[in-house]
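# Structure at a glance
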Amino acid sequence: MEDQKPDNFKRELGLLDGTMLVVGSMIGSGIFIVSSDMVRQLGSAGWLIAMWVLTGVITVIAAVSYGELSAMFPTAGGQYVYIKEAYGKLIGFLYGWSFFAVIQTGTIAAVGVAFAKFAAYLYAPLSDKNILCEIGDFKLNAAQIVSIVTIVLLSYVNSRGVKNSKILQTVLTVIKVLSLAGLIIFGFIAVDSAVWDANWANAWQAQSLNVETGEWLPIGGIALISGISAAFVGSQFSSVAWEGVTFIAGEIKNPKRNVGLSLFLGTLLVSVIYIVANVMYLAVVPLFDIATAESDRVAVVASQTIFGSVGTLIIAVMIMISTFACNNGLIMAGARVYYTMAQDGVFFKKAASLNKASVPEWSIWAQCIWASALCLTGKYGDLLDFVVIIVLVFYILTILGIFILRKKMPNAKRPYKAFGYPVLPALYILISSAICLALLYTKPTTCGWGVLIMLIGIPIYYLTKAKE
């Protein structure tokens with residue numbers, strides 16, 4: 001099986017499947033939660049919406065820029081392949097290493113635990129407060145078990161073939177988009193003009209909330225940069241994983257057209273949903289209540305305002321569907337990266353094989369085991385900052401790769417060229433680089449750990465090469 005090539009995958013996914021994978025992988029639990037912390041950091045309606053608009057704009061710019069690369073290299077592995085072609089095997093390996101160690105598995109773990117937290121609304125014993133076992137400082141809770149069970153279940157479904165997982169992805173994503181749209185529509189029907197007017201009274205007065213005293217403190221200068229950086233982590237974390245469709249390009253019909261189009265349609269749809277959802281929050285929930293929502297569950301507060309006491313259950317079911325579909329997409333896409341790395345000799349050899357259903361089963365289970373281990377650490381919340389900075393670093397490198405490959409491979413076929421080149425890709429690189437620097441400055445510990453994990457891949461790469 002080791003000599004199997006990426007084109008042994010079955011091309012069973014169309015434009016709708018690709019778009020649903022983008023949408024399903026992006027919409028997890030973030031949109032229901034992160035706005036609470038964003039308001040605590042910036043304290044105004046104008047700044048909240050501005051952060052979501054900025055995130056949406058740079059996400060769509062990045063996605064349409066990736067279209068050129070996906071058309072040039074329409075094979076499994078996606079972003080890993082683009083980085084390797086632009087910079088060589090070492091940087092490609094660093095991406096794959098970071099992807100396996102933190103980016104994909106850390107996100108799968110966090111999304112799995114979000115599923116379990118909201119499942120506890122339907123059945124209380126599933127809560128993370130239900131401690132099942134205690135050994136020293138380690139505490140095993142019910143929510144961790146539930147999250148692991150969902151990851152194992154979805155890994156099994158994906159190991160049986162792409163057809164079952166694509167049907168599950170499309171159906172669940174359509175359900176969650178429609179239910180989120182329903183929540184937004186009912187929110188606007190239930191709009192409270194007094195709340196709306198109060199929220200927009202000082203739309204651009206940046207302030208942070210002192211949680212202990214409940215006081216708003218005006219911010220500017222470095223404090224404002226710090227607030228913007230902290231807020232951006234939430235909106236950016238909610239908007240990652242769209243590149244997952246590039247990883248499964250080997251299974252997409254007419255990939256030179258459909259991968260790029262899926263990226264554009266999916267990111268645009270999600271960005272619009274996110275912005276409108278936040279406008280809806282501001283229409284029904286006072287800013288202070290958004291900032292102080294219990295466990296940051298701003299969507300629960302909004303839903304209770306719209307639907308009354310049953311609102312909690314409505315949101316719980318919505319988030320369970322949302323996170324389940326999100327993890328299905330993440331699990332499906334992630335395994336293809338390890339498969340392609342193994343084909344290049346920079347990952348475990350067993351990952352380079354496909355099973356009878358033409359899917360990389362070994363990679364799926366390796367990913368499952370590490371993501372499950374991350375669930376057990378209880379540190380999934382801390383992954384947020386350093387997942388975001390690593391994701392941004394590689395987004396920047398990938399888009400910079402467009403410029404490099406135009407010089408390196410001037411005669412290569414480019415069925416689709418990056419929209420707005422060179423202005424829009426350069427604009428993305430500048431904005432995202434500024435955000436990375438601000439994150440390192442304001443969150444040196446957590447973001448520093450992210451960079452350190454990435455750099456640990458360098459000696460690992462050379463050690464594995466030495467063994468060869």
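Since the model is a prediction, treat every value here as computed from it, not as a measurement.

We now examine the confidence of the model for the protein. Residues at a pLDDT of 70 or more form 96% of the protein, whose mean pLDDT is 89. Confidence drops under pLDDT 50 across residues 1-7; counting only partners more than four residues distant or on other chains, this segment forms 16 contacts.

Examined against the element boundaries, Ser65 turns out to sit in helix α4 (residues 45-72). A relative accessible area of 0% means that Ser65 is categorised as buried. Within polar-contact distance, the side chain of Ser65 engages the backbone oxygen of Ile61 at 2.8 Å. The contacts of Ser65, once residues within four sequence positions are left out, are Ile399, Ile402, Ala418 and Pro425.

What follows is about the pattern of salt bridges. Inspection of the entire model under this criterion finds eight salt bridges. In this structure, Lys84 and Asp344 form a salt bridge, with 2.8 Å as the shortest nitrogen-oxygen distance. Remark: Asp344 occurs in the loop between α15 (311-343) and α16 (361-377) and Lys84 occurs in helix α5 (residues 79-87); sequence separation between them is 260 residues. The same class applies to Lys84 and to Asp344, which are both buried. When the shortest N-O distance is used, the salt bridge between Arg160 and Glu361 registers 3.1 Å. One end of the pair, Arg160, is in the loop between α7 (142-159) and α8 (162-189); the other, Glu361, is in helix α16, with 201 residues separating them in the sequence. Residues participating in the shared-partner salt-bridge network are Asp37, Arg40 and Asp296.

Moving on, we get to the packing of α8 against α15. It is at 9 Å that the axes of α8 and α15 come closest, and there the two elements cross at 145 degrees. Here α8 runs over α15; the crossing is left-handed. Across the interface between the two elements, Val162, Ser165, Lys166, Leu168, Gln169, Leu172, Thr173, Ile175, Lys176, Ser179, Leu180 and Leu183 from α8 touch Ile315, Met318, Ile321, Ser322, Phe324, Ala325, Cys326, Asn328, Gly329, Met332 and Arg336 from α15. Here the residues of the contact of α8 with α15 sort into 13 nonpolar, seven polar and three charged.

With respect to the element layout, Leu153 can be found in helix α7. What makes Leu153 partly exposed here is its relative accessible area of 43%. Considering only alpha carbons, one finds Leu153 and Cys368, 215 residues apart in sequence, at a separation of 9.7 Å.

Relative to strand β4 (residues 215-218), strand β3 (residues 207-210) runs antiparallel, the two being bridged by four bridges. Pairing of Leu209 across the sheet is with Trp216, part of β4. Counting the residues that bridge the hairpin from β3 to β4 gives four residues, and of these Gly214 lies at a positive phi of roughly 75 degrees.

This part covers the state of the cysteines. What the rule picks out here adds up to zero disulfides. Distance from the sulfur of Cys368, which forms no disulfide, to the nearest cysteine sulfur (Cys375) is 9.2 Å. The buried category is assigned to Cys375, whose relative accessible area is 0%.

Looking now at the nonpolar core. The biggest cluster of nonpolar side chains holds 141 residues, and the ones touching the most others in it are Ile27, Ile31, Leu180, Trp242, Ile315 and Tyr428. For Leu180, the contacting residues outside a window of four places in its chain are Ile27, Ile31, Phe32, Ile273 and Met318.

Take the packing of helix α6 (residues 89-122) against α7 next. Contact pair α6 / α7: the axes reach a minimum separation of 8 Å and the direction vectors enclose 120 degrees. Judged by the inter-axis angle, α6 sits oblique to α7. Crossing of α6 against α7: the hand is right-handed. Contact with α6, carried on its side by Ile108, Ala109, Gly112, Val113, Phe115 and Ala116, involves Ala143, Val146, Ser147, Thr150 and Ile151 of α7 and no other residues of that element. Residue composition of the contact of α6 with α7, grouped by class: eight nonpolar, three polar and no charged.

On to unusual backbone geometry, then. The omega torsion across Tyr421 and Pro422 is 0 degrees, close enough to zero to call that bond cis. Considering the arrangement of structural elements, one finds Pro422 in the loop between α17 (383-408) and α18 (423-442). Positive phi values are uncommon outside glycine, yet Asn254 reaches one of about 45 degrees. Residue placement: Asn254 occurs in the loop between α11 (244-247) and α12 (255-284). You will see that Ser358, though not glycine, has its phi angle at about 65 degrees, which is positive. When you line up the elements, Ser358 lands in the loop between α15 and α16. Judged by relative accessible area, Ser358 falls into the buried class, the value being 14%.

Rules behind the numbers
- Residues numbered from 1 in each chain as written.
- Predicted model: local features only at pLDDT ≥ 70, side-chain atom pairs only at ≥ 80, totals over all residues.
- Heavy atoms only, no water.
- pLDDT = per-residue confidence, 0-100.
- Contact = heavy atoms within 4.5 Å.
- Helix = DSSP H or I, 4+ residues; strand = E, 2+ residues; numbered from the N terminus.
- Buried < 20%, exposed > 50% of the residue type's maximum accessible area, 1.4 Å probe, protein only.
- Polar contact = N/O pair within 3.5 Å; in protein donor to acceptor, adjacent residues only side chain to side chain.
- Salt bridge = Lys/Arg side-chain N within 4 Å of Asp/Glu carboxyl O.
- Axes fitted to C-alpha atoms, helices over the stretch in contact; angles between N-to-C directions.
- Left-handed = near helix turned anticlockwise from the far one by under 90°.
- Nonpolar A, V, L, I, M, F, W, Y, C, P; charged D, E, K, R; others polar.
- Pairing = 2+ DSSP bridges.
- Disulfide = S-S within 2.5 Å.
- Core = buried A, V, L, I, M, F, W, Y, C linked by side-chain atoms within 4.5 Å.
- Parallel < 35°, antiparallel > 145°, perpendicular 65-115°, else oblique.

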